[in-house]
Amino acid sequence: MKQYEHHAIEEKRQAIWERDDLFRVTEIKGKKKYYLLEMFPYPSGKIHMGHVRNYSIGDVIARYKKMRGYNVLHPMGWDAFGMPAENAAMERGIHPAKWTYDNIDYMKKQLKRLGFSYDWAREIATCDVEYYKWEQWFFLKMFEKGLVYRKSAPVNYCVHCQTVLANEQVVDGNCWRCNQGVIQKELTQWFFAITKYADELYEYCDKLTGWPERVLNMQKNWIGKSYGVEVDFRLENSGILTIFTTRPDTLYGVTFMALAPEHPLAITLAEGTVYEKKVKAFVEKAKMQDRSFRAELKGNKEGIFTGRYAINPLNRHKIPIYIGNFVLMEYGTGAIMSVPAHDQRDFEFAKAYGLPIIITIMPKDRTLNPDTLEEAYEGDGYLVNSGEFNGLNNREAIGKIIDYLEAKGLGRRKINFRLRDWGISRQRYWGAPIPIIYCDDCGIVPVPYEDLPVVLPLDLEVKVVGRSPLLDCEEFIKVKCPKCGGPAKRETDTMDTFVESSWYFLKYTCPNYKEGPLDKDRVDYWMPVDQYIGGVEHAVLHLLYSRFFNRVLNELGFVDVREPFKNLLTQGMVIKDGAKMSKSKGNVVDPDYLIEKYGADTTRLCCLFAAPPEKDLDWSDKGVEGCYRFLQRIWRLATEKLHDIKHLESTYTLVDHGEDCRLLTIKLHKTIKKVTEDIERFHLNTAIASIMELVNAVYKFQEKPRTNEKELGLLKGSIEVILKLLFPFVPHITEELWEILGNDMALLRDRWIDYYEEYTIEDKVTIAVQVNGKLRDTFEIERDEPEDSVKEKACNLEKVKKHTEGKSIKKVIVIPNKLVNIVCG
RNA sequence: GCCGAAGUGGCGGAAUUGGUAGACGCGCUAGAUUCAGGAUCUAGUAGGCAUUACGCCUGUGUGGGUUCGAGUCCCGUCUUCGGCACCA
């Protein structure tokens with residue numbers, strides 16, 4: 001008997017798939033479609049186990065859905081612009097383009113060796129000018145619509161990467177890519193107006209029922225919607241100071257105001273007072289501190305009195321105005337009212353600066369004393385010291401006070417978001433050029449559509465660390481102003497690579513379309529993505545940007561759906577020895593090594609069996625051995641009795657030919673049912689486990705010497721069922737064995753196997769018998785035996801009697817075909 | 001601090017609606033086969049007490065509760081992980 005030779009088999013099957021162009025997919029009107037998408041990789045060199053896991057999960061679903069009769073779009077491409085290409089260029093003297101395309105070649109080979117069913121005819125590389133020119137086109141459209149704008153603002157800047165980062169790309173004050181410190185820098189940058197969609201992006205979270213709660217929570221958290229009111233405080237002399245608060249119920253307890261150092265009034269207020277000099281110095285100092293530094297100050301807030309006062313609109317109290325380094329200019333109005341009695345942060349500031357504390361909310365169960373208060377009371381209660389609102393429950397008071405303010409013209413309802421606009425300028429070379437020209441006379445001039453693409457010159461050398469060679473490329477920079485024809489300069493910043501990944505899923509539907517950015521018919525045939533699979537690390541990055549971008553393209557008329565991803569599965573990380581795989585920790589498992597030693601099928605199987613997809617997978621070398629053993633077991637099972645069964649007709653329904661045939665038939669149908677249901681709900685590990693159980697049962701069945709053709713036909717049928725069920729997981733070995741058994745390949749690939757409900761029901765069932773909830777015995781009955789006789793049988797069991805002896809039976813609970821519980825005492 | 005997820009054998013993990021906890025795999029133990037190793041096959045494997053047989057007790061982080069019955073539902077609590085964090 002031939003051994004299981006994974007190398008030969010996998011090469012052979014892959015060659016056949018390629019020859020027959022098996023994964024090619026076209027739009028077939030009237031056929032139900034299924035768009036399965038896995039997050040495309042950055043071509044960093046080699047694929048890692050995280051990719052293998054992600055794409056193995058995807059391939060199971062893709063192949064399964066195809067077998068269920070769907071027209072399945074399953075594409076793959078490359079997120080090909082980005083920093084590492086420049087770093088590699090610097091380190092090794094290779095051009096970023098060459099480095100990138102070499103990596104793509106290598107990684108594509110790896111993905112093919114793993115046998116994933118991608119339609120490679122739809123492959124996209126985002127650094128391809130045919131791709132990014134349409135991105136530039138979208139940029140221009142967005143510019144026209146006012147969704148792109150340029151402003152000078154304090155931005156996150158990674159000194160190491162020498163570029164600006166979006167808020168989403170700063171993780172714990174560090175750069176998401178190099179993990180080094182991020183500073184604040186005032187720069188003029190391009191922004192996408194994602195905040196225009198903040199409310200919709202937030203509210204639609206509740207409609208994304210196919211997304212994990214976790215991701216939706218993270219997005220909601222990030223967008224940060226809060227309901228409140230803007231209140232106008234008249235300044236003592238003249239002018240108005242507007243603040244935002246979510247707690248108007250504490251308005252009577254305001255004892256000071258605080259402005260952000262960047263607030264326009266910060267310096268002007270103090271002018272002419274004795275505090276002027278000190279205030280100026282304070283503001284200067286605070287402006288120097290970057291965001292992360294200020295965040296660390298927490299319990300150590302600093303502020304300074306401006307010498308001016310505002311008037312509380314409700315009780316006319318004179319309120320001193322401070323400048324506080326803890327007040328954020330970007331949120332609300334950059335100014336706050338402070339209520340030390342009911343806000344811990346205000347409380348600490350008041351204590352430090354000797355400011356009064358006024359209680360306005362009294363809890364029901366105790367009395368607060370402002371002189372002995374040790375921390376702010378942030379709970380609920382009834383209003384005191386609050387004029388006509390005294391006695392009201394504070395939650396009710398919120399609405400009443402807002403109504404009052406609005407009626408008197410002192411304030412208005414307001415919703416604020418924490419989300420900021422998306423800064424997309426990157427001072428880098430390896431990215432899509434921003435299609436903008438600066439003219440001394442005409443100002444900012446968008447590149448005319450007919451002049452697109454703005455091609456990234458490839459004949460440049462990355463010489464100096466962190467300096468984009470575009471800055472030194474005269475041919476690129478020097479340009480005639482499209483408006484006046486005079487001398488002008490090109491924008492040298494490129495776009496954030498997250499812009500590319502915000503619409504690649506649309507381009508997959510029509511990658512070769514040339515007449516415009518997207519072919520709407522094909523986009524609408526495939527969209528939305530039915531199932532998206534990827535890592536949770538993109539929860540507030542790519543997944544938020546894409547939702548924004550898809551909305552913009554929806555409004556531009558390129559796609560009918562508003563939300564791009566209907567269902568989302570976030571797979572867990574692959575870890576080893578308790579840590580994420582990384583070179584520095586030396587716990588990396590190389591997919592190439594696994595494919596070489598055990599084969600693609602084993603590698604895939606192992607990723608799918610060791611843990612459910614959404615959980616972290618703890619890699620175990622022993623686990624691979626186990627999976628390899630399992631496949632060898634399948635191989636032996638199918639080939640050992642080959643001569644006895646090959647010529648026979650197979651069956652998987654043999655219920656009237658002896659007990660063990662009947663039992664095996666039932667096992668077969670139960671397993672088909674279980675595997676089908678498990679794949680549908682992504683319990684891939686338990687799907688595999690139940691196939692393993694079936695394999696064990698078939699082994700037992702074939703151990704007995706058999707000559708009867710019906711029985712051998714059932715053996716053959718059982719093996720075929722196993723191959724069918726396993727095909728989406730391990731396509732190579734199953735196809736090979738299918739062929740060895742002499743079958744038509746289409747029968748394996750083209751249709752999933754159906755089970756018969758009547759064969760999933762066993763006619764004998766085991767009843768568990770409990771006494772007072774404790775299991776005492778089990779016994780077998782015919783399915784659906786009358787309750788009374790089951791009850792009687794249960795009560796008369798020896799082991800049961802032992803526990804009921806001398807006690808009175810109070811109640812007997814019967815759960816049909818399952819359990820009897822005898823309650824006695 | 002706020003939001004969220006998760007705690008089950010030596011390990012990875014099972015247990016759709018409350019109904020026999022520990023499926024499947026790894027590891028381990030014993031036996032068969034083998035010159036030996038490996039591979040394969042068979043049996044066993046939650047812990048404890050018994051081992052004369054049948055057993056008996058305890059067990060899903062922890063303390064309560066609901067229920068005939070709780071890993072599953074409710075309340076409290078501890079731990080771990082993830083996200084946000086001076087957001088007014």
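Everything numeric here is computed off the predicted structure, so don't read it as measured data.

Re the overall build of chain A
Helices and strands together make up the secondary structure of chain A, namely 28 helices and 34 strands. Scored against the burial criterion, the 825 residues of chain A give a buried share of 56%. Taking contacts inside chain A between residues at least 6 apart in sequence as the whole, the part at least 24 apart equals 72%. Carbon and sulfur atoms provide 50% of the accessible area of chain A, an area that totals close to 36,600 Å². In chain A, 117 side chains carry a positive charge and 120 a negative one; their mean positions are 2 Å apart.

Quick word on helix α1 (residues 6-19)
In a regular helix each residue adds 1.5 Å, so 14 residues correspond to 20 Å; α1 covers 20 Å between its end C-alpha atoms and thus fits that length. Burial in α1 covers these residues: His6, Ile9, Glu10, Arg13, Gln14, Ile16 and Trp17. Mapping the buried residues of α1 onto a view down its axis gives an arc of 160°, with all of them on the same face. Turned more than 90 degrees away from the buried face of α1, the exposed residues are Glu11, Glu18 and Arg19. Asp21 occupies a position one or two residues after α1 and carries a positive phi of about 50°.

Quick look at the pattern of salt bridges
One pass over the full model with this rule turns up 61 salt bridges. With its nearest N and O atoms 3.4 Å apart, the salt bridge here joins Lys112 to Glu18. Taken together, the positions of Lys112 in helix α4 (residues 96-113) and Glu18 in helix α1 put the pair 94 residues apart, joining distant regions of the chain. Taking relative accessible area as the criterion, Lys112 reaches 27% and is therefore assigned partly exposed. Salt-bridge contacts for Arg562 lead to Glu555; the nearest nitrogen and oxygen are separated by 2.8 Å. Classification of Glu555 by relative accessible area gives partly exposed; the value is 38%. Here the salt bridges do not stand alone but share partners, grouping Lys12, Arg13, Glu735, Glu736, Glu739 and Arg749 into one network.

As for the domain arrangement of chain A
Annotation of chain A at the domain level lists domain 1 (6-81 + 90-123 + 503-580), domain 2 (135-193 + 421-498), domain 3 (226-416), domain 4 (637-759) and domain 5 (764-824). For domain 1 versus domain 4, the separation of C-alpha centres amounts to 32 Å. Each side of the interface is counted separately: domain 1 has 22 residues, and domain 4 has 21 residues. Overall, the association of domain 1 and domain 4 removes approximately 2,000 Å² of surface from exposure, summing both partners, and the carbon and sulfur fraction of that is 65%. On the domain 1 side of the interface with domain 4, the three residues burying the most area are Arg13, Tyr64 and Met67, jointly 36% of the side's total. Applying the counting criterion to the domain 1 and domain 4 interface returns 6 salt bridges. For Glu736, the salt bridge identified is with Lys12, shortest N-O distance 3.0 Å. Put simply, domain 1 and domain 4 have 8 residue pairs in polar contact (both at pLDDT 80 or more) between them. Per-class residue counts for the side of domain 1 that touches domain 4 are 11 nonpolar, 3 polar and 8 charged.

Description of the sheet that holds strand β21 (residues 436-439)
Read from one edge of the open sheet, 4 strands run β22-β21-β24-β23, paired in antiparallel fashion. The outermost strands of the open sheet, each flanked by one partner alone, are β22 (443-446) and β23 (478-480). Taken pair by pair, the neighbouring strands of this sheet meet at an average axis angle of 40°, ignoring direction. Here 3 bridges tie β21 to strand β24 (residues 487-490), and the two strands are oriented antiparallel to one another. Opposite Cys439, over in β24, you have Ala488 as the bridge partner.

Considering empty space enclosed by the protein
According to the stated counting rule, one finds 2 cavities of 30 Å³ or more in the structure shown. Each pocket or cavity is described by its volume, and for the largest cavity that value is around 190 Å³. Forming the boundary of the largest cavity are 18 residues, of which Met83, Arg177, Arg426, Asp496 and Thr497 lie nearest the centre. Elements with a minimum of two residues in the lining of the largest cavity: α3 (83-92), β6 (163-165), β25 (494-495) and α14 (497-500). Its residues assigned to classes, the lining of the largest cavity comprises 8 nonpolar, 5 polar and 5 charged. Of the voids in this model, the second largest cavity is the one considered here, and its volume is about 30 Å³. Lining the second largest cavity, in full, are Glu130, Trp134, Lys507, Pro511, Tyr513 and Lys514. The residue makeup of the lining of the second largest cavity, split by class, is 3 nonpolar, no polar and 3 charged.

What about the state of the cysteines?
Counted under the stated rule, the structure contains 0 disulfides. A disulfide-free cysteine, Cys481 has its sulfur positioned 3.7 Å from the sulfur of Cys439, the nearest such atom. With no disulfide of its own, Cys824 has Cys795 as its nearest cysteine by sulfur position, at a separation of 9.4 Å.

Details of the side chain of Ser468
By secondary structure assignment, the location of Ser468 is in the loop between β22 and α13 (474-477). For Ser468, the contacting residues outside a window of four places in its chain are Gln427, Arg428 and Tyr429.

Here we look at the nonpolar core
A general feature of soluble globular proteins is that nonpolar side chains tend to end up buried together. By size, the foremost hydrophobic cluster in this structure holds 191 residues, and its most contacted members are Phe192, Trp422, Phe548, Leu553, Trp619 and Phe729. When residues in this core are grouped by element, the largest group, 10 residues, is from helix α23 (residues 684-703).

Comments concerning the packing of helix α2 (residues 49-67) against helix α22 (residues 659-680)
It is the contact of α2 with α22, at a shortest axis distance of 11 Å, that shows an interaxial angle of 120°. Looking at the two axes, α2 sits oblique to α22. Between α2 and α22 lies a crossing of left-handed hand. Along the contact surface, α2 presents Ile61, Tyr64 and Lys65, while α22 presents Thr676, Ile679 and Glu680. Class assignment for the residues of the contact of α2 with α22 results in 3 nonpolar, 1 polar and 2 charged.

A closer look at the packing of α2 against helix α19 (residues 600-609)
The N-to-C vectors of α2 and α19 enclose an angle of 90°; their axes lie 9 Å apart at closest approach. In terms of axis orientation, α2 runs roughly perpendicular to α19. Residues Met49, Val52, Arg53, Ser56, Ile57, Asp59, Val60 and Arg63 of α2 pack against Thr603, Arg604, Cys607 and Leu608 of α19. The residue makeup of the contact of α2 with α19, split by class, is 6 nonpolar, 2 polar and 4 charged.

Cut-offs and rules
- Residues numbered from 1 in each chain as written.
- Chains lettered and ligands numbered in written order.
- Predicted model: local features only at pLDDT ≥ 70, side-chain atom pairs only at ≥ 80, totals over all residues.
- Heavy atoms only, no water.
- Helix = DSSP H or I, 4+ residues; strand = E, 2+ residues; numbered from the N terminus.
- Buried < 20%, exposed > 50% of the residue type's maximum accessible area, 1.4 Å probe, protein only.
- Contact = heavy atoms within 4.5 Å.
- Areas by Shrake-Rupley, 256 points an atom, 1.4 Å probe, with all protein chains shown as cover.
- Lys, Arg positive; Asp, Glu negative; His and termini not counted.
- Charge placed at Lys NZ, Arg CZ, Asp CG, Glu CD.
- Expected span 1.5 Å × (residues − 1).
- Arc of directions from axis to C-beta.
- Salt bridge = Lys/Arg side-chain N within 4 Å of Asp/Glu carboxyl O.
- Domains from an automatic or database assignment.
- Buried area = accessible area lost by both parts, 1.4 Å probe.
- Polar contact = N/O pair within 3.5 Å; in protein donor to acceptor, adjacent residues only side chain to side chain.
- Nonpolar A, V, L, I, M, F, W, Y, C, P; charged D, E, K, R; others polar.
- Pairing = 2+ DSSP bridges.
- Axes fitted to C-alpha atoms, helices over the stretch in contact; angles between N-to-C directions.
- 1 Å grid on protein atoms, 1.4 Å probe; cavity = no way out; pocket = protein on both sides within 12 Å on 5 of 7 lines; lining within 4 Å.
- Points joined across faces, edges and corners; volume = space filled by probe spheres on them.
- Disulfide = S-S within 2.5 Å.
- Core = buried A, V, L, I, M, F, W, Y, C linked by side-chain atoms within 4.5 Å.
- Parallel < 35°, antiparallel > 145°, perpendicular 65-115°, else oblique.
- Left-handed = near helix turned anticlockwise from the far one by under 90°.

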